[in-house]
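# Descriptive analysis of the structure
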Number of protein chains: 2
Amino acid sequence: MPRLADHDQRRTQITDAARRVVARAGLEAATFQSVAAEAGVSVRLVQYYFGTKRKFLLATHQAVVADAGTRFTRRLGALGAEPAPREVVRALLVELLPTDAARRQDTVVLNAFHTAALTASDVDGEDTLGAPRYLITAIADQLRRARAGATAPDRAADQDVDPDPDAELDAELIVAAASGLAQTLLVDETASARADRLLDRLLDRLVAPSASYRLE
Amino acid sequence: MPRLADHDQRRTQITDAARRVVARAGLEAATFQSVAAEAGVSVRLVQYYFGTKRKFLLATHQAVVADAGTRFTRRLGALGAEPAPREVVRALLVELLPTDAARRQDTVVLNAFHTAALTASDVDGEDTLGAPRYLITAIADQLRRARAGATAPDRAADQDVDPDPDAELDAELIVAAASGLAQTLLVDETASARADRLLDRLLDRLVAPSASYRLE
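Below is a short write-up of the structure. Bear in mind the structure is a predicted one, so any value in this text is a computation, not a measurement. (Residues numbered from 1 in each chain as written. Chains lettered and ligands numbered in written order. Predicted model: local features only at pLDDT ≥ 70, side-chain atom pairs only at ≥ 80, totals over all residues. Heavy atoms only, no water.)

So, on to the overall build of chain A. Regarding its fold elements, chain A presents eleven helices and zero strands. Secondary structure elements in chain A, listed N-terminal to C-terminal, are α-α-α-α-α-α-α-α-α-α-α. Here chain A, with 216 residues, has 47% of them falling under the buried criterion. Expressed as a percentage of contacts within chain A between residues at least 6 apart in sequence, the contacts between residues at least 24 apart total 67%. Carbon and sulfur atoms make up 53% of the accessible area of chain A, which totals about 10500 Å². (Helix = DSSP H or I, 4+ residues; strand = E, 2+ residues; numbered from the N terminus. Buried < 20%, exposed > 50% of the residue type's maximum accessible area, 1.4 Å probe, protein only. Contact = heavy atoms within 4.5 Å. Areas by Shrake-Rupley, 256 points an atom, 1.4 Å probe, with all protein chains shown as cover.)

Now the structure itself:
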């Protein structure tokens, strides 16, 4: 029996191949056959590792999400101890934008899953909602941190008062805007030059929504 | 030779059928054959009206955009004379959100075009950018109107000074957020209940971004 590390390596080899196939030709092009050929392994091996088409597709989706998580953790680590809320949110959003070849591929793959979920397919919408919901919660936490810090200390210390009951709404808007921008960046070459300014503007507007947070 | 009105009616009959096919099964499912069958006409008739597959797909995309424009014009008319900038932007955004069956179908179809443009297909990204660019320009104009109205009159009257040089950035973020929300609404049933609050919050934050615009 192969060692566990070999198993992981094989699975990654296969999901990497699946990601390339999906990015190139859409989710409907990812079959056991096409992905086995892309990975240079047998169809039987793909079936052995993943069982059903659905499990295989979900593992491919999960691999994209996990890579984004790893990149985010690395970026967060580079910010040093106690990064400001705005910097944490920025680090999360940067990993959603297709500003290099790897992230572009991942953005196309995630969009392919979303689109496939809208029509009859092996995946549905609920399968793809875990990552955005996690992101919204994580960003809402940072918004509460940012805004609690901007209120008077005695108010912020009162644990019974949510310093910002609208944090979840703002977080959802931030994720929506970043997702929309990510899709625009895929098709509009002129938008890449504005990506950094758009991201900063989004943070200006929605992390610290009123000028008083920054100027006072 | 058929009258012009008959021509228009025939074309609409065929693009309506194409929209249903694309919404149900994706852009790759829309062939002369499948759409002719859906419309209850001959393949030759579809070819007669549209010529190439590409022209046929672009006419279908255009039909969706035109319908959104018609709905927006009707909504704008209902706002009465001289609607406030925020109300104009809201009327535009409401037409982007899939809050009924017809708009849901249109949102799925527009997404199908976007996704197809990312892989080899008869359409490319540039084909789908006209409508969002028009929207961004229209919203930026309203933001300038809103913010010029909020500054001192002598400043606003100075035609050489753009009252808000960041209006285009904010407009692009508004369209990105609305597009992202539209896609979320397609897959996340819990989001529909929040759609109105999210939209109002987006307008609070980005049309009148600082509290001073509303409170002073």
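Before going further, it helps to spend a moment on the pattern of salt bridges. Counting across every chain of the model gives 51 salt bridges over all chains. Between Arg-90 of chain A and Asp-196 of chain A there is a salt bridge, and its shortest N-O distance comes to 3.4 Å. Placement of the pair is Arg-90 of chain A in helix 5 (residues 85–94) and Asp-196 of chain A in helix 10 (residues 195–206), with a sequence separation of 106 residues. Where Asp-170 of chain A meets Arg-201 of chain B, a salt bridge forms, and the shortest distance between an N and an O atom there is 2.7 Å. Taken as a pair, Asp-170 of chain A in helix 9 (residues 167–187) and Arg-201 of chain B in helix 10 (residues 195–206) lie in two separate chains rather than in one. (Salt bridge = Lys/Arg side-chain N within 4 Å of Asp/Glu carboxyl O.)

Further remarks concern the interface of chain A and chain B. Taken together, the contacts link 42 residues of chain A with 42 residues of chain B. A combined buried area of about 3500 Å² lies between chain A and chain B, and 63% of that area is made up of carbon and sulfur atoms. For the pair chain A and chain B, the number of links is ten salt bridges. Here Glu-172 of chain A and Arg-194 of chain B are joined by a salt bridge, their closest N and O atoms 2.8 Å apart. Our enumeration of links across chain A and chain B arrives at 15 residue pairs in polar contact (both at pLDDT 80 or more). Those elements that provide at least two residues to the side of chain A that touches chain B are helix 1 (4–25), helix 6 (101–118), helix 7 (130–150), helix 9 and helix 10 of chain A. The element that contributes the greatest number of residues to the side of chain A that touches chain B is helix 9 of chain A, accounting for twelve residues. Its residues placed into classes, the side of chain A that touches chain B shows 19 nonpolar, ten polar and 13 charged. (Buried area = accessible area lost by both parts, 1.4 Å probe. Polar contact = N/O pair within 3.5 Å; in protein donor to acceptor, adjacent residues only side chain to side chain. Nonpolar A, V, L, I, M, F, W, Y, C, P; charged D, E, K, R; others polar.)

Looking now at the nonpolar core. Counting residues in each nonpolar core, the largest one holds 68 residues, and the members touching the most others are Leu-93, Ile-139 and Ile-174 of chain A together with Leu-93, Ile-139 and Ile-174 of chain B. The contact partners of Leu-93 of chain B, leaving out residues within four places of it in the chain, are Ile-139, Ile-174, Ala-178, Leu-199, Leu-202 and Leu-203 of chain B. (Core = buried A, V, L, I, M, F, W, Y, C linked by side-chain atoms within 4.5 Å.)

This paragraph deals with helix 3 (residues 43–50) of chain A. Residues and elements named next belong to chain A. For helix 3, every residue scored as buried is listed here: Val-46, Tyr-49 and Phe-50. The arc that holds the buried residues of helix 3, viewed along the axis, is 80°, so those residues lie on one side. Opposite the buried face of helix 3, at more than 90 degrees from it, the exposed residues are Arg-44 and Tyr-48. Once helix 3 ends, the next one or two residues include Gly-51, with phi positive near 75°. (Arc of directions from axis to C-beta.)

Relative to chain B, chain A is turned by 180° and slid 0.0 Å along the rotation axis, the superposed coordinates differing by an RMSD of 0.0 Å. Here the symmetry operator amounts to a two-fold rotation axis. Among all residues of chain A, the one whose C-alpha sits closest to the rotation axis is Ala-177 of chain A, at a distance of 1.8 Å. In this assembly the copies share their binding face: 100% of the residues contributing to the interface of chain A also contribute to that of chain B. (Least-squares fit on C-alpha atoms with pLDDT ≥ 70 in both.)

Next up on the list: empty space enclosed by the protein. Scanning the entire structure with this criterion turns up one cavity of 30 Å³ or more. The calculated volume of the largest cavity comes to roughly 40 Å³. If you go around the largest cavity, the residues you meet are Thr-115, Leu-118 and Thr-119 of chain A together with Val-22, Gly-26, Val-108, Asn-111 and Ala-112 of chain B. Taken together, the elements giving at least two residues each to the lining of the largest cavity come down to helix 6 of chain A together with helix 6 (101–118) of chain B. Counting residues per element, the lining of the largest cavity draws most heavily on helix 6 of chain B, which supplies three residues. Taken together, the residues of the lining of the largest cavity break down into four nonpolar, four polar and no charged. (1 Å grid on protein atoms, 1.4 Å probe; cavity = no way out; pocket = protein on both sides within 12 Å on 5 of 7 lines; lining within 4 Å. Points joined across faces, edges and corners; volume = space filled by probe spheres on them.)

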